[in-house]
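Commentary on secondary and tertiary structure
The primary structure of each chain is shown beneath.
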Amino acid sequence: MLVTKRVRFSFPHVFEAHAMEEGQQKKYSVCIIIPKTATSHLKELRAAIKAAFEKGVSEGKLGKKTADMTWKNPLRDGDKDRPDDAAYIDSYFINCTTNNKPGVVGADREPLSAAEFYSGCYGRVSLNFYAFNVSGNKGIAAGLNNVQKLADGERLSGASSAEDDFADEAEDEAADADDFDNQF
């Protein structure tokens, strides 16, 4: 198991399982975004992926290790794979999934509600990398264990929170009430 350093969350489905495509098995998931400038963090992730790869080869799950073998690496380049999404520019990302509902806690390690955890907040995950070989697809996957939110961030969905939408309205409400009453 590996606990990441601070990452940004995208596409969180940690409170309710979700199927990516119709007919697929529902899973809990979250995409973690790691800036390319986080070199020591990326080195740690690459080492864990390499260890899972070597284990997969030694157990026969990935077949014989050759120079031209192809396999799916869970650490993907946002500039190449999601060039039109500003949240992924100059970053790598990993899609983490699980069949089991992960624990979701805040910085104080107390459970969070779904309203408190959203695409764009920051935190860390505990995960494990493992080899897979399914229907001819071979590679390393990231298994999601648990999630910890450390800080708020700009929502990636483009949607605002209710608190933000109505922050200035409380002040205007008193003036509007007087204007309304004066109309009658």
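Refer to the preceding data block for the structure.
Here we summarise the structure given alongside this text. (Residues numbered from 1 in each chain as written. Predicted model: local features only at pLDDT ≥ 70, side-chain atom pairs only at ≥ 80, totals over all residues. Heavy atoms only, no water.)

1. Re helix α1 (residues 39-58)
Rules: Secondary structure follows DSSP: runs of H or I at least 4 residues long count as helices, runs of E at least 2 residues long count as strands, and numbering of each begins at the N terminus. The span one expects for a helix is its residue count, reduced by one, times 1.5 Å. Any residue under 20% of the maximum accessible area for its type is buried, any over 50% is exposed, and the rest in between are partly exposed; the area is computed with a 1.4 Å probe on protein chains only. For this quantity, the arc is that covered by the directions from the helix axis to the C-beta atoms. Two residues qualify as a contact provided that any one of their heavy atoms is within 4.5 Å of a heavy atom in the partner residue.
The first and last C-alpha atoms of α1 sit 28 Å apart over 20 residues, in line with the 28 Å expected at 1.5 Å per residue. Within α1 the residues assigned to the buried category are His41, Leu42, Leu45, Ile49, Ala52, Phe53, Gly56 and Val57. Projected down its long axis, α1 carries its buried residues within an arc of 145 degrees, all on one side. The exposed set on the far side of α1, more than 90 degrees from its buried face, consists of Ser40, Lys43, Lys50 and Ser58. Residues of α1 that are buried make contact with β1 (2-3), β2 (7-18), β3 (27-35), β5 (91-98), β7 (122-134) and β8 (137-151). Once α1 finishes, glycine 60 follows within two positions and takes phi at roughly 85 degrees, a positive value.

2. Structural notes on the state of the cysteines
Heads up, the condition is: We call a pair of cysteine sulfur atoms a disulfide when they lie within 2.5 Å.
On inspection of all chains with the given rule, the structure shows zero disulfides. Just so you know, cysteine 31 is unpaired, no disulfide at all, and the nearest cysteine sulfur is the one on cysteine 96, 7.6 Å from it. Assessed through its relative accessible area of 1%, cysteine 31 is described here as buried.

3. Concerning the packing of aromatic side chains
The cut-off we apply is this: Two aromatic rings from Phe, Tyr or Trp, using only the six-membered ring of Trp, form a pair when their centres are within 6.5 Å; if the ring planes differ by under 30 degrees the pair is stacked, by over 60 it is edge-to-face, and anything between is tilted.
If you walk through the whole model with that rule in mind, you get three aromatic pairs. Pairing phenylalanine 9 with phenylalanine 117 gives two aromatic rings, centres 4.9 Å apart and planes at 50 degrees, and the pair type is tilted. Linking phenylalanine 9 in strand β2 with phenylalanine 117 in the loop between β6 (103-105) and β7, this pair joins segments that are 108 residues apart in sequence. The residues phenylalanine 9 and phenylalanine 117 share a single accessibility class, namely buried.

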